[in-house]
Amino acid sequence: MADPDQQHKKASFATNSYDTALCVIPPRHWCEEIDKLRSLYDKAFEKWPPHVNLIYPFVSLERLPEAKERIESHLHANFDGTGSRTVALGGAGLFKQRKDITVFLRAKDVKEENFLGSIRSAALQALGLKASPSVFHLTVGQAQDNSISARQFLLDKVNRVPAFEFDVGSLAILVREKSTRGADTTSEMRLWGSIDLPGSTQTTPTPLTEFWKPVSDSTYETFSDKDMIGEPSFSNARRMQPGTTYEFNHQAQKWTLSTSSPEGKRPESLSVSTYNVLLDSEYPPVRDRDPLLVDIILEESALADVLFLQEISDEFLSHLLKIEEVREAFPYASHGPPSQPDIGPLPSLRNIVILSKWQFNWESLPFQRRHKGAIVASFTSIFASELSSATSLVVAGVHLTAGLTDSSVTAKKVQLQNVVNHLERNYRSSSWIVAGDFNLPTSRYTIDEAVKGKSISLETSRVLDSTESTMSEIGLLDAWAVARVEDVDETAALDAAGLFEGEEGATFDPHANPLAAYISGTAENRPQRYDRIFMRPQDRFALTKFNQFGRPEFTNGTTSVASDHYGVRACFRVRQDTAPHNLDDREILQKRIVHHKHTPLELSNTAELMETLSKRATFPTQQDEERYKQVFSLIKDVLLGSADESSTPSEIPMVIIPVGSYALNVWTPESDIDCLCIGSISSKTFFQLARQRILKADAKGVRLLRKVEANTGTMLELSVNGVNMDLQYCPAANIVHRWSDFATIPATDPIFNLPILSLRKLKPIRDLTYIQRTLPSMASFRLAYRFIRQWAVARGIYSTKFGYFGGIHITLMLAWVCKRLAHDSGSVSAGDLILSFFHHYANFDWQNDMVYDAFFHKKKPRYQRSAREVMVILGFHAPNSNIAHTATVPGMQVLVHELRQADDRLSSPGMTWETFLEVDAPGSKPAIGSFLSSYDSYVKIDIQYWGRALSRGKGLVGWVESRCINLVVDLHKALPQLSSRIWPARFADREANASDTYYHGCYLIGLSRSNDDTATSQEERADAKAVLQQVFDRFLTLVRADDKYYDESSAWIGVSLAKPAEVKDLHPDAREWGDYIPDMEPDSDDEEDFDETEDDFAPPTARRLPLRPAPSATSTPVSSNKLRPASDILNRLRWDANLDPSEYVVGYEDRFLGAKETTLEKWKTEQTDEEFIPQHRILYFKKKSEDGGEVVWERATRIDRIFGSGLGVK
């Protein structure tokens, strides 16, 4: 035998190459478990597989074949393979290095060290080298700094890895392979070969393969996002990782791998919650909030079928899953408790975890940045059935990168796109829910300030704006936005008056949440809606409720809050295959589409939009706000009696509230305040009491101008310290008693079984409350409203009494656009609202369609449109009347023209907000100037007043203004070939009103021939002038006939045809023609015919006529009961949802033909209608039938089968 020393010298190999290694690689399933940590903490993750080095550095590459042969021969000749070859790894160790600390899994016992040591010694001897000791370890990662917390954190992670053992059957030889990617050179260790150990129990050893390398099939997903900014390249090889679902085993009293089969029964409902619990320290984590977090998770408002938790630590999950109530609510989990020895740690510092009521399968989708990713869970039992092809509900939980920088926003975009791509690639036909902490700033103020401060670019701002549109394009809808517009959002309302766009529904609010203020560094940061739930129902489920949980609680003067984020929950109704689908509401929504017009770059800056409006004084100043607040407070004190120091405040239950533009907070410094009082006393008593108290408050600046009998009843016009107010009253005692709950009382509640007159008075506040409750962004709505109103004023189309737009028109039209877009696209900016508003209504079919809210009216409203109604805009609650009933054909033509012109201008390249509204620039009146010069001739309505009572001068002006629309209608009827337009303002010569005792003004109606007008002969023109004169004469007769306003001894009214040259120098007359003095007419008893009590309507029943019980027999003659007037019967039959007006007939007295009948649907109530018949001529109402019909109300016999008044039911 050769001398060993001679052999050693002859066969000596140098082990100095860092491009080769001899190592042991654990089995595949253990490598996959270890790689969950290595992928996050080991900088060599992409270069090395999990391994235990035996010799490294190893021999040079060119000598590898010879070295392999020598080692194999030596092992077979000298290695005793009969002993144990099991290696056990467990417990953490560390190496301290110059820049970081390496943490590893170590050999568990001395015998493993001896086994690996013997193999190492044998290999070294085969290479002709002396044996040397080595610390055998499997590297898991490096602590990036030398701090104690970073080191202990990683040591704790590795110590939680369950100890494992495996038999070593072969040794791996790895070589370094270098490659070039662009300008970068990378390297990785590849499997060059393997050395089988002798004595293996396998007759044919399993060949070692590179199982750790990514494969190119659908099982894995790799990422290569070239548009990332500042992203590290280490994670390009990270891929999809299948997850293990755990189930609590009650028998074993521990969490085990789930072996349950999904339940086959489809649930009726589904709920998903998401909650960021806040990990505010690295190691050791703070535990003082744990009990409060558990209470929040288990509270009724948070409990769900599926719960996503973000920023979960090992310690908190271990604590959470030990609690019996949690295990009962959520028997399944994506991760088991790390404190359980056989489970292991969570991969990251801040983790996403799923807790579920149902069994599920899941996979982890890593993002480009470490410690960020998504969990995608598949629930196969939710929609599975014999009748459905859908096999699963897919719920993805995300936690996107934080921050507002160009790079972080780009990272969010790519991360979100990765999730969407994965869902589309693998679950295209499934229903999706995507929930979690998106970390997407939603506050428009925050984004604009970041652009202004150059923290982000304008392009990055556009990326944030387009995120939700991108989601909606693939069918993902924002559950909060959908819940708002469908009125199922139970989120606690914030004070929207102080919020900017995108701040409503905030889940991260430094203003109200001390933890959020602490994390963000200041309480001045704006609220953000970071936590979201997106849904793609695929018509398999419908949203029924949305709410927040985990909001601050105030106890004994201290604020208690569990996290810096609020949680959100969405509840759904699962559609059953066996149940008939009622898609009426879905079909009506599908038909009523609003195209989402996105603002171009020039119009995307909300700050520029606000600046444009500020130049035109559309926003009240702080002084204006304080003045109006004081005025409203004063009138409340006066009416309640608390303003009079000499008397005690009234104890009459009463609520005084603003309605209209002031309540909606879209008022301007010139706006009136519309005020509604609701009380328990009668209308007559209230107005007597109100008049007394108002007159006594004259010294405080409260003046009664006049009393008006409006369509909704008596109204008082007041002036309070220079601010005009309209005051109405509604007797509704039950409403007052339940006022604190008024905003949430459903429309079907019996409390609204009130007389029609009361419902008309309550309609503005009910509609207003509904709008405020269902608009996703009041800030965006208000800004868009102010812009559209400013445009309408500048273009001369803002005045309801002249047949144009009014505030309520814009409110209802814009509210529908806002809600429709929010439903489809999530949050929508004010700029998008404005562009979409003009585009939608410029192309609206006004002749055949109606404007209404399809989210409120689940079916097309039952509204009988008359022939004269050229525009129909409906509100929400009953009675459902057309608020655009004053619109005329000429006015409609003007409105459509202006809308189309505005749409075209906003679509033109380079348009800015300032340029669009430049017609309203200070010092210029081009819109009026265009009106005064663009028509062939003008109808001039002259008014002159020289009387001593200035109040009559103002009354005269108001009277003529109210009749002008009649002249516009008559002109169109007489000469339909002419296009006409009235300007909603009074004109005057510059010198006309220099005197304090003489007033002269006029109103102008422009007339032009339409394009198809062929009447050019002299005779035809003469006939047209004659017709015009007849129209003028009828108008003059009308306005001069009322001696209340017109007195020929002090006033003159004339109508003439003027040429453009005669009016071109006129200008708007802003002068007040005197003022009103208190108009002390006797109180009207119109509202006192019947006590307006809350039980006038019987509770809704099936389609039969509700009846009041007949009056009981008393000594008082039954005939003393008052009979309900015909107007009440008419309104009840029209607006009661339980009655069908097409089933009823009206009998009336014709002046020439006697008693006649007509259907209720054809009955006209507008005085301007040609078929109008006064209601005092109504004789009876009866229900249609073959035998002549049943009379339900008759004036002569005093029978009332509707309300039971008069003689009741005979």
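Everything here concerns the structure above.
About the thresholds
Residues numbered from 1 in each chain as written. Predicted model: local features only at pLDDT ≥ 70, side-chain atom pairs only at ≥ 80, totals over all residues. Heavy atoms only, no water. Core = buried A, V, L, I, M, F, W, Y, C linked by side-chain atoms within 4.5 Å. Buried < 20%, exposed > 50% of the residue type's maximum accessible area, 1.4 Å probe, protein only. Contact = heavy atoms within 4.5 Å. Phe/Tyr/Trp six-rings, centres within 6.5 Å; stacked < 30°, edge-to-face > 60°. Helix = DSSP H or I, 4+ residues; strand = E, 2+ residues; numbered from the N terminus. Lys NZ or Arg CZ within 6 Å of the ring centre and 35° of its normal. Pairing = 2+ DSSP bridges. 1 Å grid on protein atoms, 1.4 Å probe; cavity = no way out; pocket = protein on both sides within 12 Å on 5 of 7 lines; lining within 4 Å. Points joined across faces, edges and corners; volume = space filled by probe spheres on them. Nonpolar A, V, L, I, M, F, W, Y, C, P; charged D, E, K, R; others polar. Axes fitted to C-alpha atoms, helices over the stretch in contact; angles between N-to-C directions.

(A) Seen up close, the nonpolar core. Grouped together as the largest cluster of nonpolar side chains are 156 residues, with contacts concentrated most on I433, W791, F838, Y841, W846, M871 and I941. Discounting chain neighbours no more than four positions away, the residues touching M871 are F805, H809, W846, R865, N882, A884, A887, M892 and L895. Counting 51 residues, the second largest nonpolar core, distinct from the first, contains F79, L105, I119 and F166.

(B) Spotlight on the packing of aromatic side chains. Counted under the stated rule, the structure contains 45 aromatic pairs. For the ring pair Y275 and F549, a centre distance of 5.3 Å and an interplane angle of 65° mean the geometry is edge-to-face. In this pair, Y275 sits in strand β12 (residues 269-276) while F549 sits in strand β22 (residues 541-549), placing the two residues 274 residues apart along the sequence. Ring centres of Y841 and F844 lie 5.8 Å apart, and the angle between their planes is 50°; this geometry places the pair in the tilted category. There is no split in this pair, since Y841 and F844 are both buried. Grouping aromatic residues by their ring pairs yields a cluster made of F787, W791, F837, F838, Y841, F844, W846, W913 and F916. In this structure, R526 is placed above the aromatic ring of Y445, and the distance from its NZ or CZ to the ring centre is 5.9 Å. Directly above the aromatic system of W432 lies the positively charged group of R536, at a separation of 3.6 Å from the ring centroid.

(C) Representation of the sheet that holds strand β19 (residues 431-437) in the model. Taken together, the 7 strands give an open sheet; going across it, the order is β9-β16-β17-β18-β19-β21-β20, and neighbouring strands pair in mixed fashion. Each of the sheet's edge strands pairs with one partner strand only, and the pair in question is β9 (241-242) and β20 (477-478). Relative to β19, strand β18 (residues 393-399) runs parallel, the two being bridged by 7 bridges. For V398, the partnering residue across the bridge sits in β19 and is G436.

(D) Spatial organisation of helix α10 (residues 444-452). Those residues of α10 that sit buried are R444, T446, I447, D448, A450 and V451. Elements in contact with the buried residues of α10: α11 (458-473) and α15 (606-614). Positioned one or two residues after α10, K454 has a phi angle of 65°, which is positive.

(E) Main features of empty space enclosed by the protein. A full pass over the atoms with the stated rule returns 9 cavities of 30 Å³ or more. A volume near 100 Å³ is recorded for the largest cavity. Along the wall of the largest cavity there are 13 residues; nearest its centre are L278, L279, D290, S313 and F316. Elements with a contribution of two residues or more to the lining of the largest cavity: α6 (290-298) and β13 (306-312). A breakdown of the residues in the lining of the largest cavity according to their chemical character gives 8 nonpolar, 1 polar and 4 charged.

(F) How the structure looks around the sheet that holds strand β28 (residues 702-710). Sheet architecture is open: 5 strands sit in the order β26-β27-β30-β29-β28, paired in mixed fashion. Strands with a single pairing partner mark the edges of an open sheet, and in this sheet they are β26 (654-659) and β28. Sheet twist, expressed as the mean angle between neighbouring strand axes with direction ignored, is 25°. In the sheet, strand β29 (residues 713-720) pairs with strand β30 (residues 723-731) via 6 bridges, with the strands oriented antiparallel. Bridged to L718 within β30 is M725. Sheet strands in contact with helix α20 (residues 756-774) are β26, β27 (673-679), β29 and β30, and its direction is about 60° off that of β26.

(G) Just the pairing of strand β40 (residues 1190-1194), in detail. Strand direction decides the pairing type here: strand β39 (residues 1178-1183) and β40, joined by 4 bridges, are antiparallel. Pairing of Y1180 across the sheet is with E1194, part of β40. Linking two consecutive strands that pair antiparallel, namely β39 and β40, is a turn of 6 residues; a positive phi of about 110° is found at G1188 within it. Where β40 and strand β41 (residues 1199-1200) come together, 2 bridges link them in antiparallel fashion. Its bridge partner being in β41, W1193 is matched across the sheet by D1200. Counting the residues that bridge the hairpin from β40 to β41 gives 4 residues, and of these R1198 lies at a positive phi of roughly 60°.

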